[in-house]
Amino acid sequence: MSKFCVWTFGCRCNQADSAAIRESLCRHSMSESETHLDAGLIILNTCTVTHRTDQQIRQAVRRLHRENPAARIVVTGCYAERDPDALASIPGVNLVLGNADKERLAQIVVDREFGSGLLGRIIHTPLDAAVDYLIRPMAQTGGKTRPIVKLQDGCDARCSYCIVPYVRGPGRSAQPEHILAEIRSLIDRGFQEIVLTGVHLGSFGQGAEGSPRLADLLRRIVELPGLGRIRLSSIEPMRFDRAIVSIAAKQPSFAHHFHIPVQSGSDRILRLMKRPYKAARFHDLLQHIRSEIPDAGIGTDILTGFPGETDQDFEDTCKLV
């Protein structure tokens, strides 16, 4: 079981988690295989935002077991957190790890008991807001040229359509000094662009000791010697600090790109979604970004067909777009 393979489903947070898993396994004298066919250990880091994603993951597990029946299969991530029993019952799955336990994955799989042929074992520890989020080394990017540094995990927003708070737990943030140390390490390794992400990135620092703000952290990051480019992943509009725009406008190392999910252009639907803003506020935010950074690239997410959505609600969304 000296070679491993990691399959990642879902968001940039999962990509960051997979990079940390790779780093940890390499520190335990294992090496990453280019293909699952000769790997002794296969890890699926899963997503669960839609039923279609769940189906794709189950199909992937069956395929991996069929094509490499000798490999040990570990399933972790958000689907493993939400429904570990369903995954443990799939033939070939040796171990299912919840999100609170995947940081110990390398330690668990090198344990003698894991190699004893057990099937369908579940390790599931409740997610805890009191446990600090610790930055894990992210240099093992799986061939990607941009490492993803996850500053924050969990979410307290409780939007009505979203399962993420239940599978990622309450919001918790890493300490700024730990983040800066990891970014310095990545710069020293020669990475030219670093992506900052989090489950609810705009809430970084909320409830943490000293209540650090994301904008304050970004001011320190852009001053690091040797930094090539820094890029932000998705930030929710209700947590978008306009000070970030000022920093991006003044710093050449800051990518002029913002992904801000609006979800709907109808205020009525936004209320049903439990999104604490109106479409006009989102529009004003984008106007502000355009005024400060005329060449800014802007992305968003939109949900259509939300329960109760009328033709007029849909037209409101189209007008906002």
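What comes next concerns the included structure.

Scoring rules and cut-offs
- Residues numbered from 1 in each chain as written.
- Predicted model: local features only at pLDDT ≥ 70, side-chain atom pairs only at ≥ 80, totals over all residues.
- Heavy atoms only, no water.
- Helix = DSSP H or I, 4+ residues; strand = E, 2+ residues; numbered from the N terminus.
- Buried < 20%, exposed > 50% of the residue type's maximum accessible area, 1.4 Å probe, protein only.
- Polar contact = N/O pair within 3.5 Å; in protein donor to acceptor, adjacent residues only side chain to side chain.
- Contact = heavy atoms within 4.5 Å.
- Expected span 1.5 Å × (residues − 1).
- Axes fitted to C-alpha atoms, helices over the stretch in contact; angles between N-to-C directions.
- Parallel < 35°, antiparallel > 145°, perpendicular 65-115°, else oblique.
- Left-handed = near helix turned anticlockwise from the far one by under 90°.
- Pairing = 2+ DSSP bridges.
- Core = buried A, V, L, I, M, F, W, Y, C linked by side-chain atoms within 4.5 Å.
- Disulfide = S-S within 2.5 Å.
- 1 Å grid on protein atoms, 1.4 Å probe; cavity = no way out; pocket = protein on both sides within 12 Å on 5 of 7 lines; lining within 4 Å.
- Points joined across faces, edges and corners; volume = space filled by probe spheres on them.
- Nonpolar A, V, L, I, M, F, W, Y, C, P; charged D, E, K, R; others polar.

This brings us to the side chain of Arg275. Checked against the element boundaries, Arg275 lands in the loop between helix H10 (267–273) and helix H11 (279–292). According to the relative accessible area criterion, Arg275 is buried, its value standing at 5%. Engagement of the side chain of Arg275 in a polar contact is seen with the backbone oxygen of Pro261, the distance being 3.1 Å. Other than its neighbours up to four places away in sequence, Arg275 contacts Cys159, Tyr161, Glu236, Pro237, Met238, Pro261, Gln263 and Leu270.

Okay, helix H1 (residues 12–27) next. Taking 1.5 Å as the rise per residue, H1 with 16 residues should run 22 Å; its terminal C-alpha atoms sit 23 Å apart, in good agreement. For H1, the complete set of buried residues consists of Cys13, Asn14, Ala16, Asp17, Ser18, Ala19, Ala20, Ile21, Arg22, Glu23 and Leu25. A positive backbone phi angle near 65° is found at Ser29, which sits one or two residues after H1.

The next thing to look at is the packing of helix H8 (residues 214–221) against helix H9 (residues 243–250). As a packed pair, H8 and H9 sit with axes 9 Å apart at the nearest point and diverge in direction by 15°. It follows that H8 is roughly parallel to H9 by the angle criterion. The two elements H8 and H9 meet at a crossing, and its hand is left-handed. Mapping the contact onto sequence places Leu214, Ala215, Leu218 and Arg219 in H8 and Ala243, Ile244 and Ile247 in H9.

Turning our eyes to something else, we now look at the sheet that holds strand S5 (residues 93–97). Sheet architecture is open: six strands sit in the order S2-S1-S3-S4-S5-S6, paired in parallel fashion. Of all strands in the sheet, those bounded by a partner on one side alone are strand S2 (31–32) and strand S6 (121–123). As paired elements, strand S1 (residues 3–8) and S2 share two bridges and run parallel to each other. Bridge pairing links Phe4 to Glu32 in S2. Where H1 meets the sheet, it contacts S1, S2, strand S3 (41–46) and strand S4 (72–77), and its direction lies at approximately 175° from that of S1. Sitting on the sheet, helix H2 (residues 51–67) touches S1, S3, S4 and S5, and the angle it makes with S3 is about 175°.

In this section: the nonpolar core. Ranked by internal contacts, the top residues of the largest apolar core, which has 55 residues, are Leu196 and Phe254. The residues touching Phe254, leaving out its near neighbours within four places in the chain, are Leu218, Val222, Ile230, Leu232, Ile244, Ile247 and Ala248. One finds Ile42, Ile73, Leu87 and Val96 within the second-largest nonpolar core, a separate group that totals 20 residues.

Attention now goes to the state of the cysteines. Per the counting criterion, the structure on display carries zero disulfides. Note on Cys5: no disulfide assigned, nearest cysteine sulfur contributed by Cys26 at a separation of 12 Å. No disulfide involves Cys159; its nearest neighbouring cysteine sulfur is the one of Cys162, lying 6.2 Å away. The exposure class of Cys159 is buried, given its relative accessible area of 10%.

This brings us to the layout of surface pockets. For the largest pocket, the calculated volume is near 1100 Å³. As for the largest pocket, its lining consists of 44 residues, and the residues nearest its centre are Val49, Cys162, Val164, Glu236 and Asp301. Of all elements in the fold, only H1, helix H6 (164–168), strand S9 (193–198) and strand S11 (257–259) reach the threshold of two or more residues within the lining of the largest pocket. Top element by residues in the lining of the largest pocket is H6. It accounts for four residues. Residue classes in the lining of the largest pocket are distributed as 23 nonpolar, 15 polar and six charged. In this model, the second largest pocket occupies a volume close to 450 Å³. As for the second largest pocket, its lining consists of 26 residues, of which Asn99, Ala100, Lys102, Glu103 and Arg136 are closest to the centre. Taken together, the elements giving at least two residues each to the lining of the second largest pocket come down to H1, helix H5 (105–109) and strand S7 (148–153). The dominant element in the lining of the second largest pocket, judged by the number of residues it contributes, is H1, at seven residues.

Where the residue is not glycine, phi is negative for most of them; where a peptide bond is considered, it is trans in most cases. Phi is positive for Arg158, close to 60°, though the residue is something other than glycine. Structurally, the position occupied by Arg158 is in the loop between S7 and H6. The backbone phi angle of Lys274 is positive, close to 65°, even though this residue is not glycine. In this fold, Lys274 is placed in the loop between H10 and H11.

A word on the sheet that holds strand S10 (residues 229–232). Pairing is mixed in the open sheet, where four strands are placed in the order S8-S7-S9-S10. Because the sheet does not close on itself, it has two edges, and the strands there are strand S8 (172–173) and S10. In the sheet, S7 pairs with S8 via two bridges, with the strands oriented antiparallel. Among the inter-strand pairings, Gln152 is bridged to a residue of S8, identified as Ser173. This element, H1, spans S7, S9 and S10 of the sheet and lies at about 110° to S7.

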